[in-house]
Structures are given as C-alpha cells and as structure tokens.
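Now for the letters of each chain:
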Amino acid sequence: MTQDELKKAAAWAALEFVKENTIVGVGTGSTVNHFIDALGSIKDTIKGAVSSSEASTARLKALGIEVFELNDVDVLDVYVDGADEINAHNEMIKGGGAALTREKIVAAVAKQFVCIVDDTKLVATLGGFPLPVEVIPMARSYVARELLKLGGDPVYRQGVVTDNGNVILDVHNLKITQAKQLETQINQIVGVVTNGLFAERGADKVIIGTKNGPQIK
Ligand SMILES: O=C[C@H](O)[C@H](O)[C@H](O)COP(=O)(O)O
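Bear in mind that the values here come from a model prediction, so they are computed numbers and not experimental data.

Novice: How should I be thinking about the site of the ligand in this particular structure?
Specialist: As a structural note, the neighbourhood of the ligand is formed by 17 residues, with Ser30, Thr31, Asp84, Glu103 and Lys121 the closest of them. Ala99 places a polar main-chain atom, nitrogen or oxygen, 3.0 Å from an oxygen atom of the ligand. Surface burial for the ligand is 91%, taken as the share of its 380 Å² of free accessible area covered by protein chains. Here the residues of the shell around the ligand are counted per class, giving three nonpolar, eight polar and six charged.

Novice: Just checking my understanding: could you explain the domain arrangement of the chain for this structure?
Specialist: Where interface size is quoted, it is often the accessible area lost as the parts come together. Partitioning the chain into structural domains gives domain 1 (3-122 + 200-216) and domain 2 (131-195). Distance from the C-alpha centre of domain 1 to the C-alpha centre of domain 2: 24 Å. Interface area for domain 1 against domain 2, summed over the two sides, is near 1,300 Å², with a carbon-plus-sulfur share of 52%. Contact with domain 2 buries area across many residues of domain 1, yet Leu100, Lys104 and Glu200 alone supply 39% of it, more than any other trio. Taken together, domain 1 and domain 2 are joined by one salt bridge.

Novice: Mind showing me how you'd approach unusual backbone geometry here?
Specialist: The phi dihedral of Asn21 is positive, around 65 degrees, even though this residue is not glycine. Inspection of the secondary structure puts Asn21 in the loop between helix H1 (3-13) and strand E1 (23-26). For Asn21, a relative accessible area of 52% translates into the label exposed. Phi is positive for Asn173, which is not a glycine, with a value near 65 degrees. Note on placement: Asn173 falls in the loop between strand E10 (167-172) and helix H6 (179-187). Note on Asn173: relative accessible area 59%, which makes it exposed.

Novice: Explain the sheet that holds strand E2 (residues 48-51) here, please?
Specialist: Hydrogen bonds along the backbone pair up the strands of a sheet, which may run parallel or antiparallel. Ordered by their spatial adjacency, seven strands build an open sheet running E3-E2-E1-E4-E7-E13-E14, and the pairing between neighbours is mixed. Two strands bound the open sheet, and with one partner strand each, they are strand E3 (67-68) and strand E14 (213-216). Both strand E13 (residues 205-210) and E14 contribute to a ladder of four bridges, which runs antiparallel. Considered in E14, the bridge of Ile208 is made with Gln215.

Novice: Looking at this structure, how should I read the side chain of Thr31?
Specialist: Among the structural elements, Thr31 can be located in helix H2 (residues 30-41). What makes Thr31 buried here is its relative accessible area of 5%. Among residues more than four places away in sequence, those in contact with Thr31 are Lys7, Ala11, Ile116 and Lys121.

Novice: Just checking my understanding: could you explain the pattern of salt bridges for this structure?
Specialist: Applying the stated rule across the entire model yields ten salt bridges. Its salt-bridge partner being Asp77, residue Lys19 comes within 3.4 Å of it at the nearest N-O pair. Separated by 58 residues along the polypeptide, Lys19 in the loop between H1 and E1 and Asp77 in strand E4 (residues 76-81) bring together distant segments of the chain. Given the relative accessible area of 49%, Lys19 is considered partly exposed. With its nearest N and O atoms 3.9 Å apart, the salt bridge here joins Asp77 to Lys111. On the criterion of sequence distance, the pair formed by Asp77 in strand E4 and Lys111 in strand E7 (residues 110-118) is long-range, its members being 34 residues apart. Under the relative-accessibility criterion, Asp77 is labelled buried at 15%. Salt bridges sharing common partners tie together Lys19, Asp77 and Lys111.

Novice: Teacher, can you tell me more about the confidence of the model for the chain here?
Specialist: Low pLDDT means the predicted atomic positions in that stretch should not be read closely. A residue-level look at the chain finds 100% of positions with pLDDT of 70 or above and a mean pLDDT of 98. Predicted complex metrics record ipTM = 0.97 and pTM = 0.97.

About the cut-offs
Residues numbered from 1 in each chain as written. Predicted model: local features only at pLDDT ≥ 70, side-chain atom pairs only at ≥ 80, totals over all residues. Heavy atoms only, no water. Near = heavy atom within 4 Å. Polar contact = N/O pair within 3.5 Å; in protein donor to acceptor, adjacent residues only side chain to side chain. Areas by Shrake-Rupley, 256 points an atom, 1.4 Å probe, with all protein chains shown as cover. Nonpolar A, V, L, I, M, F, W, Y, C, P; charged D, E, K, R; others polar. Domains from an automatic or database assignment. Buried area = accessible area lost by both parts, 1.4 Å probe. Salt bridge = Lys/Arg side-chain N within 4 Å of Asp/Glu carboxyl O. Helix = DSSP H or I, 4+ residues; strand = E, 2+ residues; numbered from the N terminus. Buried < 20%, exposed > 50% of the residue type's maximum accessible area, 1.4 Å probe, protein only. Pairing = 2+ DSSP bridges. Contact = heavy atoms within 4.5 Å. pLDDT = per-residue confidence, 0-100.

As structure tokens, this is what we get:
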C-alpha cells in the first residue's frame, strides 16, 4: 500500500467517531482531505463542520458541507486532524501545512481529538520533523534568535504566509523529550503566535493506517 492509501484508510476509519446531527471539527492537510471526502459521504447525517484553514473550508464547501464560524459554536464533539509526528504519549508536531494556530484553536473547543496518521508518522522522540512556529512578521528575527538559545536551528519558511497573515519559522535539530515544557516555553517568546507542539492538548485517540488495516489506540 502507498502512504496515501494508508492515510486514506485512517481517515475513513475516523467516521466512526462522528455522531449524527453534530458539527465536526476539521483539521488540515493531505490526510484530512481524505477525511473531508469521507464526511461528504455522510453529509446528510451531520449539521456541518468548523474548519481550521481556508483550504479545508474550500474543500468542505465544494462537497456541500456547511461550514460554521467557530465563534458561533460553543462546543465540538470531535476534532479530526492529521500530524507530522506523534509519539507514544499522543503528543504531536503539527503545522507542516502552516495551519497550526487555527488547528490548535479548533482542537481546544473539541471534547475529543482524533488524530489520523499513516504509520510513518509514529516516532520515539519528537523533533525529527522541524517544529513549525507561527510568528508575527516584524518579530521574525528576534524570535529566531530566542529559538537559537533554546538549542534549535530556526529556518524561515520562505514564501509562506499563514491564513492569519503571519510567517513560519521551522526549528530544526530539536530532540524533544519534555514536549509540554517546550510548548509553553516557546509560546512565551514575544512575537510567537503559537508553535506546532500539541502536547498540552494531545490526541485522545489515534487512528494509524497500517498495511494490516487501520489500528485505533
Ligand atoms: O498544518 C498542517 C497540519 O498540522 C497537518 O495536520 C500536518 O501537517 C499533517 O499533514 P498531512 O496529513 O498532509 O501529512
């Protein structure tokens, strides 16, 4: 099976966490794109979705799924999203697609975070995938210097502007053993909007696409 087929299998398996007549929190990325297609197949049984990016919003709308503003929704039953890396504690690195801030906000409103990944995303230690940090543009150089002090090597993601009008620094060469602590520490740097560590709010369930079929843990 290809990596994309494993993503697709994990994404479709997430339908079992979607309850009838609810608004579903929807993440961003190539794995979530399969989940959005899966949602399309049951669109008449759900109220709609809250989206974490302009890209997911466009895909949801193209399938005729109503997209609600998060400010109009008190609570989401479930949030479904992919990850760039996930460890055994269900802590994740996200933001490879630059959608980390809206993803973290929508996830915060959900009772349950269901992470959908292919098995290449499972890691023993987070940090092999460069950690994305969303930054207010005028703070970019300052934040980069502060990230250097934390032991990482920040690289400006050239040409990328987030849905919020900000820029991304990808921090290379981190070996993340204390994910919650680092998440908080980076968020305290002035000019950082948020970082791609999802540890304080990790996944509640993980669906892993494997060659033997999707596994839920
Ligand atoms: O900003 C993007 C998101 O955090 C994605 O969930 C993450 O990058 C995983 O994306 P994909 O499913 O394309 O591997």
